[in-house]
Amino acid sequence: MILKDRDGNEICSFDKSDLLFSSDARQIKIYRVRSIADGKIKLLKVPYDKLSNNLIQNEADFLRFLADKSDEFEKKNKQLGNEYLIHYDWLFPVLEDSFLTGPEQGGRQMNLLSIRDAHVADFVPLAKMFSDYRVDARTSAWMLGRMLKLQTFVEQCGASFCAHRDYIIFEPKSHRLVYLNWLDATRNPDNFRDNVASLKESATCFTCWTNWYSEEEGLEYDSDRFTNEEELLETYRFLTEYPEIDAIEAHRILYKTLDSLWGRNYHPFTYIKASELIWHSLGSDDDFCP
């Protein structure tokens, strides 16, 4: 199917079988699509009907705002004499286009999204793995670290959003993570409760996903293979119990623990499928098809 804007311009082609995510609560769907302009795989945020067009427009405006703020932070960082890039822009999608369809396609507003310096096709929805897989603590640590970095950025922008694991996608080999849902994000520095809830949601999500050796899972803890994991999980639990600390402090606490346990070095994506009870570590040449 070719999707066109209301002026008849061809935007992308997509198949309904390429559904990445659907939310009855938010009344939206996210598809993988192919852009007509450059032939690349991208993401398309689609509302159920035009009654949700205002949410799609809010997301488009907020993503432009995040992109501008990210550029500002990079410029300030360079002015300080730093040669490295902060890359907040790796944590949220790029707004390629926001457009209205014609009446024959429901008059809905849609957002066409890409991912900075990465291929959309390489990313996996966390929701697809959350029920049937578990990861080791060092794997979940970089993912929680990415979410806390994103939440730090949003707080520094004087903004807020409601995080949920269903909207997290990640690329396991390059340790990339992107958060997709900005429909109800606000530029409201007084909306502290959303950021507290987001921090707790992130810490709880990765605590649960890592806690693979619980009795309920039927798995036994291998202290030789997974040294120091319990200490890291204690840090996760602390962040879950005290989410009112800001994201900057939460990020500092997490990486202080990581530095004391393992230092900062690359750790391959290490996961287990509960039905198989066999651990896998994903190398650069391995395929990953959950």
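Residues numbered from 1 in each chain as written. Predicted model: local features only at pLDDT ≥ 70, side-chain atom pairs only at ≥ 80, totals over all residues. Heavy atoms only, no water.

Visitor: It is not clear to me how the overall build of the protein should be interpreted in this structure. Could you clarify?
Guide: Broken down by element type, the protein carries six helices and 13 strands. For the protein, whose C-alpha radius of gyration is 20 Å, the value lies close to the compact-globule estimate of 19 Å for 290 residues. With the C-alpha coordinates aligned to their principal axes, the bounding extent of the protein is approximately 60 × 45 × 35 Å. A sequence separation of at least 24 residues applies to 67% of the contacts in the protein between residues at least 6 apart. About 14300 Å² of surface is accessible on the protein, with carbon and sulfur atoms providing 46% of the total. (Helix = DSSP H or I, 4+ residues; strand = E, 2+ residues; numbered from the N terminus. Rg over C-alpha atoms; globule rule 2.2 N^0.38 Å. Contact = heavy atoms within 4.5 Å. Areas by Shrake-Rupley, 256 points an atom, 1.4 Å probe, with all protein chains shown as cover.)

Visitor: Which parts of the structure should I look at to understand the pattern of salt bridges?
Guide: Once the charged atoms of two side chains with opposite charge are near each other, the side chains can pair. Inspection of every chain in the model, using the stated rule, returns 11 salt bridges. The partner of R64 in a salt bridge is D61, with the nearest N and O atoms 3.0 Å apart. Here R64 pairs with D61, and both are found in helix 1 (residues 53-79), just three residues apart, close to one helical turn. With a relative accessible area of 41%, R64 lands in the partly exposed category. Taking relative accessible area as the criterion, D61 reaches 29% and is therefore assigned partly exposed. Across the salt bridge formed by R237 and E234, the nearest N and O atoms sit 2.7 Å from each other. Pair noted here: R237 and E234 are both in helix 5 (residues 229-241), with a separation of three residues, about one helical turn. Shared partners join several salt bridges into a network, and the residues in it are D38, K42 and E96. (Salt bridge = Lys/Arg side-chain N within 4 Å of Asp/Glu carboxyl O. Buried < 20%, exposed > 50% of the residue type's maximum accessible area, 1.4 Å probe, protein only.)

Visitor: Is there a simple way to explain helix 6 (residues 247-261) in this structure?
Guide: Given 3.6 residues per helical turn, the α-helix brings residues three or four places apart onto the same face. In this model helix 6 runs 21 Å from its N-terminal to its C-terminal C-alpha over 15 residues, within 8% of the 21 Å that 1.5 Å per residue would give. When helix 6 is considered as a whole, its buried residues turn out to be A247, A250, I253, L254, Y255, T257, L258 and L261. Positive backbone phi, at 75°, marks G263, one or two positions downstream of helix 6. (Expected span 1.5 Å × (residues − 1).)

Visitor: I would appreciate a short explanation of the side chain of T210 in the present structure.
Guide: Inspection of the secondary structure assignment puts T210 in helix 4 (residues 192-210). The buried category is assigned to T210, whose relative accessible area is 0%. Side chain to side chain, T210 and S140 meet in a polar contact 2.7 Å long. Among the polar contacts made by the side chain of T210, one reaches the main-chain carbonyl oxygen of F206 at a distance of 2.5 Å. Excluding its chain neighbours within four sequence positions, the residues that come into contact with T210 are V135, D136, A137, S140, E229, L233 and Y236. (Polar contact = N/O pair within 3.5 Å; in protein donor to acceptor, adjacent residues only side chain to side chain.)

Visitor: What exactly am I supposed to notice about the domain arrangement of the protein here?
Guide: It is common to give the size of an interface as the accessible area lost on bringing the parts into contact. Along its sequence, the protein is organised into domain 1 (2-82 + 92-116) and domain 2 (123-281). Relative placement of domain 1 and domain 2: their C-alpha centres are 25 Å apart. Between domain 1 and domain 2, the residue contacts involve 25 residues of the former and 21 residues of the latter. For the pair domain 1 and domain 2, the number of links is one salt bridge. Ionic pairing is found between D184 and R26, a salt bridge with its closest N-O pair at 3.5 Å. The interface formed by domain 1 and domain 2 includes seven residue pairs in polar contact (both at pLDDT 80 or more). When contributions to the side of domain 1 that touches domain 2 are tallied by element, the ones reaching two or more residues are strand 3 (19-23), strand 4 (28-35), strand 5 (41-47) and helix 1. (Domains from an automatic or database assignment.)

Visitor: Even after reading the chapter, I still don't get unusual backbone geometry, so can you show me in this structure?
Guide: Negative phi characterises most residues that are not glycine, and trans characterises most peptide bonds. Notably, Q27 is not glycine yet its phi reads approximately 60°, a positive angle. With respect to the helices, strands and loops of the structure, Q27 is situated in the loop between strand 3 and strand 4. For H175, which is not glycine, the phi torsion reads 55° and is therefore positive. Structurally, H175 is set in the loop between strand 10 (168-171) and strand 11 (176-179). A relative accessible area of 9% places H175 in the buried class.

Visitor: Is there a simple way to explain the packing of aromatic side chains in this structure?
Guide: Ring pairs (aromatic) are described by centroid distance and by the angle formed between their planes. Going through the model one piece at a time under the given rule, you end up with 18 aromatic pairs. The interplanar angle of 90° and the centroid separation of 5.6 Å between the aromatic rings of Y179 and W182 together place this pair among those described as edge-to-face. On the basis of relative accessible area, W182 is assigned to the buried category, the value being 0%. Taken together, F21, F62, F65, F161, Y167, Y179 and W182 form an aromatic cluster joined through their ring pairs. Of note, R134 hangs over the ring of F130, and the distance from its end group to the ring centre comes to 5.9 Å. Lying across the ring of F65, R187 places its NZ or CZ 4.6 Å from the centre. (Phe/Tyr/Trp six-rings, centres within 6.5 Å; stacked < 30°, edge-to-face > 60°. Lys NZ or Arg CZ within 6 Å of the ring centre and 35° of its normal.)

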